[in-house]
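# Structural overview for review
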Amino acid sequence: MRFAAIGSALVAVALCAMPLKSQAQDASEKEIERYRAMISDPMSNPGFLAVDRGEILWSEKRGTKNVSLEGCDLGLGAGKLEGAFAKLPRYFKDADKVMDLEQRLLWCMQTVQGLDTKDVVARRFSGPGKASDMEDLVAYIANKSSGMKIDVQLSHPKELEMAAVGEELFHRRGGVMDFACSTCHGSEGKRIRLQALPDLSKPGKEPQDTMASWPTYRVSQGALRTMQHRLWDCYRQQRWPVPDYGSDGITALTVYLNKMAQGGEIAVPSIKR
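These notes cover the structure that comes with them. (Residues numbered from 1 in each chain as written. Predicted model: local features only at pLDDT ≥ 70, side-chain atom pairs only at ≥ 80, totals over all residues. Heavy atoms only, no water.)

### Concerning the nonpolar core
Heads up, the rule is: Buried Ala, Val, Leu, Ile, Met, Phe, Trp, Tyr and Cys residues that are joined via side-chain atoms within 4.5 Å together make up what is termed a nonpolar core. To sort residues, take the accessible area from a 1.4 Å probe on protein chains only and compare it with the maximum for the residue type: under 20% means buried, over 50% means exposed, and anything in between is partly exposed. A run of H or I in DSSP becomes a helix once it reaches four residues, and a run of E becomes a strand once it reaches two; helices and strands are each numbered from the N terminus.
Membership of the largest hydrophobic core comes to 50 residues, with the highest contact counts inside it found for Trp-58, Leu-69, Leu-74, Leu-101, Leu-105, Met-109 and Ile-141. Within the residue set of this core, elements represented by two or more residues are helix 3 (47–59), helix 4 (101–111), helix 6 (133–143), helix 10 (227–237) and helix 11 (248–260). The biggest single contributor to this core is helix 6, with 7 residues. Judged by nonpolar contacts, the second largest core, of 7 residues, contains Tyr-91, Val-152, Met-162 and Ala-163.

### A short note on empty space enclosed by the protein
Filter applied, for reference: Cavities and pockets are defined on a 1 Å grid built over the protein atoms alone: a cavity is a set of grid points where a 1.4 Å probe fits but cannot escape, while a pocket is an open set with protein on both sides within 12 Å along at least five of seven lines, and lining residues are those with an atom within 4 Å of any such point. Grid points are joined across faces, edges and corners, and a volume is the space filled by probe spheres set on the points. Each residue gets one label: Ala, Val, Leu, Ile, Met, Phe, Trp, Tyr, Cys and Pro are nonpolar, Asp, Glu, Lys and Arg are charged, and the others, such as Gly, are polar.
This structure, assessed with the given rule, holds 2 cavities of 30 Å³ or more. Reported here for the largest cavity is a volume of approximately 230 Å³. Around the largest cavity, the lining is made up of 18 residues, and of these Phe-85, Trp-214, Met-227, Thr-254 and Asn-258 lie nearest the centre. The set of elements that each furnish at least two residues to the lining of the largest cavity consists of helix 4, helix 10 and helix 11. Its residues placed into classes, the lining of the largest cavity shows 12 nonpolar, 4 polar and 2 charged. Taken as a whole, the second largest cavity spans an internal volume of roughly 40 Å³. Along the walls of the second largest cavity sit Arg-124, Phe-125, Gln-228, Trp-232, Pro-243, Asp-244, Tyr-245 and Ile-250, which together make up its complete lining. In the lining of the second largest cavity, the residues fall into 5 nonpolar, 1 polar and 2 charged.

### Focus on the state of the cysteines
To keep it simple, the criterion reads: Disulfide assignment relies on a single distance test, namely cysteine sulfur atoms paired within 2.5 Å.
A full pass over the atoms with the stated rule returns 1 disulfide. Here Cys-72 engages in a disulfide with Cys-108; their sulfurs sit 2.1 Å apart. With the S-S dihedral at roughly 70°, the linkage between Cys-72 and Cys-108 falls on the right-handed side. Of this pair, Cys-72 sits in the loop between helix 3 and strand 1 (90–92) while Cys-108 sits in helix 4, placing them 36 residues apart in sequence. This pair shows no difference in class: Cys-72 is buried, exactly as Cys-108 is. Take Cys-234: it sits in no disulfide, and the sulfur closest to it among the cysteines is that of Cys-181, at 6.5 Å.

Without other data, these values stay purely geometric and don't point to any function.
Rendered as structure tokens:
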């Protein structure tokens, strides 16, 4: 089994190094984009069901304090959601750290609501018969920034530090296959199977289009996925030890990627294969 996994990973690395050249590849990408356009309408995108569930969770009273998350400050004031996601991750003085949306929601559940988040973390990623409060809340809150621009916050020293750590992590090779994020996303013209791989190593359209489209509904998984899940799954596929949920490392990577994506127009939840 181990040799099969290693072989599969070697194939993946070889495939992600293949240049985008042939007409057949271009045609495949056009068909993929046509398919996405067909199902991008809110009435056709199951991700908006998560938005609706998240709205209910946001106003539901829970925890020992029996209050809702409407008292949670996501950076613009308690309960203010419009545009908050566009500025995350960011530094929060009350926690004295930089947090992404999921870290902040966990903090608010524990601090504002007095909620034991053990079950929330256990259900952080949805699966068959297993709903995820976090995925639903992220869908609802992120949707409130749709149409706005990614506005990464880099004025506080800890925000600058996280951006620098995120860049280092992006290029750090490791794991049994000696992979880094930049192995597949550090230069132009790479793909894996039918999927073009965006170059996320420098500012511009590719990181803007990528980061501005998460959270997204994954058709192949039948679930809405957040950036926490995307980066967790990237590490899993690289054969690295998977990061803890809500880890500072994932937040640092997100700060760096949003720095590359500065100014991208948010359109979420999107829909992907």
